[in-house]
Amino acid sequence: LRIAFWGTSRFSVIILDEMAREGALPSLIVTAPPKPKGRHLELTSSEAKIWADAHGIPTLEPAEVRSAEFAQALGISWDLFIVASYGKIIPRTILDTPKHGTLNVHPSLLPKLRGASPLQSAILEDIPVGSTHETGVSIMLIDEEVDHGDIVAVEKISIPNWPPKESDLEEILGMLGGKLLVKIIPEWTTGKITAKPQDHKEATHTKKIIKESGHLDLTDDPAV
């Protein structure tokens, strides 16, 4: 299978590690271009780019995925696209390119916690400290709306001593998602799995976490 993987962050790398363990490496990784980081604001490649270079996989780092130049560089001879924490909106004309569509690995039990910050939002939910909490990953077909597409596979996990650190939750769900992805790719591409619509009435949505999200208003009710 010719697979292009779209990802940028640590979550993407955890999934790529699981794919590598099972010999399911993508033929191409599409990731975000370098960004200024650190005290000296040095241009730094994404974690997915660093991983790709270490494994000898070609990359594309488009500043604009809607450009004709990028579409030409990407080409059309693909069996499957996989998206995991890419960070940009991919146009429908590109999503429809692969023979078997575009799958997204999302770290929540959809339709719960759609959007940009499912890991942080899960931790911030009003769940008793020290409890055992059920969460998981969903693999879905991407459509025109955010985390709205039909579900291809779901894997649940119960995590004790909730809440975990965000990095620990990312690791747990990334590994879970990677293993599930490798398992279902052959089944999906041979037509053994049928995607099922989400129950959109049960959907909840997350917001993008920014630096200002950590600001405290000392006049607020401390219980909120």
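Before going into details, it helps to say that this report is about the structure given with it.

## Overview of the sheet that holds strand β1 (residues 3-7)
Read from one edge of the open sheet, seven strands run β5-β2-β1-β6-β7-β8-β9, paired in mixed fashion. Looking at the sheet topology across the chains shown, the edges are occupied by β5 (59-60) and β9 (151-159). As judged from the two bridges shared by strand β2 (residues 28-30) and β5, these two strands associate in the parallel manner. Paired with Val-30 across the bridge in β5 is Leu-60.

## Observations regarding the packing of aromatic side chains
As enumerated under the stated definition, the model contains four aromatic pairs in all. With a centroid separation of 5.8 Å and an interplanar angle of 80°, the aromatic rings of Trp-6 and Phe-70 are classed as edge-to-face. With Trp-6 in strand β1 and Phe-70 in helix α3 (residues 68-74), the pair connects residues that are 64 residues apart, well separated along the chain. With respect to burial, Trp-6 and Phe-70 carry one shared label: buried. Through a chain of ring-to-ring contacts, three or more aromatic side chains come together here, namely Trp-6, Phe-70, Trp-78, Phe-81 and Tyr-86. In this structure, Arg-2 is placed above the aromatic ring of Trp-78, and the distance from its NZ or CZ to the ring centre is 4.1 Å.

## A closer look at helix α1 (residues 10-21)
With 12 residues, α1 should reach 16 Å at 1.5 Å per residue; the first-to-last C-alpha distance of 17 Å fits that figure. Turning to α1, its buried residues are Phe-11, Ser-12, Val-13, Ile-14, Ile-15, Leu-16, Glu-18 and Met-19. Those residues of α1 hidden inside the fold are in contact with β1, β2, α2 (47-54), β6 (80-84), β7 (102-106) and α6 (166-189). Among the residues of α1, the N-terminal cap falls to Ser-9, whose side-chain oxygen and the backbone nitrogen of Phe-11 are separated by 3.3 Å. Of the residues flanking the end of α1, it is Gly-23, one or two places downstream, whose phi is positive at about 70°.

Parameters at a glance
Residue indices follow the written sequence of each chain, beginning from 1 at its first position. Per-residue local features of the predicted model are confined to residues with pLDDT of at least 70, and side-chain atom pairs are confined, for both listing and counting, to 80 or more; whole-chain, interface and lining totals are unaffected and use all residues. The basis for every side-chain value is the complete set of heavy atoms in the structure, and neither hydrogens nor water enter the calculation. We treat two strands as partners when DSSP finds at least two bridges between them. Secondary structure counts use DSSP, requiring at least four H or I residues in a row for a helix and at least two E residues in a row for a strand, with both numbered from the N terminus. Pairing of aromatic side chains requires ring centres within 6.5 Å, counting the rings of Phe and Tyr and the six-membered ring of Trp. Pairs whose planes differ by under 30 degrees are stacked, by over 60 edge-to-face, and all others tilted. The buried label applies to any residue whose accessible area, calculated with a 1.4 Å probe on protein chains only, is under 20% of its type's maximum; exposed applies above 50%, and partly exposed to all values in between. Comment: the charge-over-ring label is applied if NZ (Lys) or CZ (Arg) is within 6 Å of the ring centre and within 35 degrees of the ring normal. Any helix carries an expected span of 1.5 Å times its number of residues minus one. Residue contacts are defined here by distance: any two heavy atoms, one from each residue, within 4.5 Å place the two residues in contact. Distance and chemistry together define a polar contact, namely a pair of N or O atoms within 3.5 Å, with one atom able to donate a hydrogen and the other to accept it when in protein, and with adjacent residues in sequence counting only for side-chain atoms on both sides.

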